[in-house]
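Here is how the chains run, residue by residue.
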Amino acid sequence: MAARLRPWRVSDRMWAEIEPLLPKVQRRFRHPGRKRHDDRACLEGILFVLRYAVPWSELPAVEGWPSGQTCWRRFHEWRRAAVWERLLLRVQELLEREGMVDWSRAIADASLVDTKKGAARSAARSEAAQAAVST
């Protein structure tokens, strides 16, 4: 029940699946700088922002969570490292293994597909355009 009340929380089981997908960042030896925030806390902050559609700057100051700016930087760092694509594939594999995926209900959103410049137009659209010009 607690997971339903706080959907941004990452369970230990899910973290065991996610952690190997994240890039390992080594601290410099000579000038290590400030210690990085925990990846799990950053992930929970990111999930909170995505779930509730709040601006990064309005991420609540929950004990253990980094600032919204830190979560934003980690989000983009992981995007550049293709973590989100690997995470999506991993979650799909887990759900399919558990029998919780019904691919017959899946759809493809064509709004995310790039259109090719100079591609041939459909015959219906071309005929309609010609009819409009000739009137």
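Read on for an overview of the structure. Please read all numbers here as calculations on a predicted model, not as lab measurements.

Time to look at the pattern of salt bridges. All told, the structure shown has 8 salt bridges when counted by the stated rule. In this structure, arginine 13 engages glutamate 98 in a salt bridge whose closest nitrogen and oxygen atoms are separated by 3.2 Å. With a gap of 85 residues between them, arginine 13 in helix H2 (residues 12–18) and glutamate 98 in the loop between helix H5 (83–97) and helix H6 (123–134) connect regions that are remote in the sequence. With a relative accessible area of 61%, arginine 13 lands in the exposed category. A salt bridge links glutamate 77 to arginine 36, with the shortest nitrogen-to-oxygen separation between them at 3.1 Å. On the criterion of sequence distance, the pair formed by glutamate 77 in helix H4 (residues 68–80) and arginine 36 in the loop between H2 and helix H3 (39–52) is long-range, its members being 41 residues apart. The class for glutamate 77 is partly exposed, based on a relative accessible area of 22%.

The next subject is the state of the cysteines. For the coordinates displayed, the defined rule picks out 0 disulfides. Unpaired in this structure, cysteine 42 has its nearest cysteine sulfur neighbour in cysteine 71, at a distance of 4.8 Å. A relative accessible area of 0% means that cysteine 71 is categorised as buried.

Looking now at H3. If you check H3, its first and last C-alpha atoms are 20 Å apart, about what 14 residues at 1.5 Å a residue would give, namely 20 Å. Of all the positions in H3, only Arg40, Ala41, Cys42, Leu43, Glu44, Gly45, Ile46, Phe48 and Val49 are classed as buried. On its buried side, H3 packs onto H2, H4 and H5. Trailing H3 by a residue or two, alanine 53 shows a phi angle of about 55°, which is positive.

Here the focus is the nonpolar core. Judged by nonpolar contacts, the single largest core of 20 residues is most densely connected at Ile18, Leu43, Trp78 and Trp84. Looking at which element gives the most residues to this core, the answer is H3, with 6 residues. In contact with isoleucine 18, other than residues within four places in its own chain, are Val10, Leu43 and Leu87.

This part is about H4. For an α-helix, the turn length of 3.6 residues means that residues three or four places apart are oriented alike. For H4, spanning 13 residues, the distance from its first C-alpha to its last is 18 Å, which sits close to the expected 18 Å at 1.5 Å a residue. Listing the buried residues of H4 in full gives Gly68, Thr70, Cys71, Arg74, Phe75, His76 and Trp78. Tucked into the core, H4 has its buried residues touching H3 and H5. Alanine 82, located one to two residues past H4, shows a positive phi value of around 60°.

Bringing the packing of aromatic side chains into the picture now. Overall, the coordinates contain 5 aromatic pairs when judged by the stated rule. Ring plane angle 50° and centroid distance 4.9 Å describe the contact between phenylalanine 48 and tyrosine 52, whose orientation is recorded as tilted. Here the residue phenylalanine 48 and the residue tyrosine 52 both occupy positions in helix H3, the gap between them amounting to 4 residues, near one helical turn. On the accessibility criterion, phenylalanine 48 (13% relative accessible area) is buried. Here phenylalanine 75 and tryptophan 84 contribute two aromatic rings whose centre-to-centre distance is 5.5 Å and whose plane-to-plane angle is 40°, an arrangement assigned as tilted.

Parameters at a glance
- Residues numbered from 1 in each chain as written.
- Predicted model: local features only at pLDDT ≥ 70, side-chain atom pairs only at ≥ 80, totals over all residues.
- Heavy atoms only, no water.
- Salt bridge = Lys/Arg side-chain N within 4 Å of Asp/Glu carboxyl O.
- Helix = DSSP H or I, 4+ residues; strand = E, 2+ residues; numbered from the N terminus.
- Buried < 20%, exposed > 50% of the residue type's maximum accessible area, 1.4 Å probe, protein only.
- Disulfide = S-S within 2.5 Å.
- Expected span 1.5 Å × (residues − 1).
- Contact = heavy atoms within 4.5 Å.
- Core = buried A, V, L, I, M, F, W, Y, C linked by side-chain atoms within 4.5 Å.
- Phe/Tyr/Trp six-rings, centres within 6.5 Å; stacked < 30°, edge-to-face > 60°.

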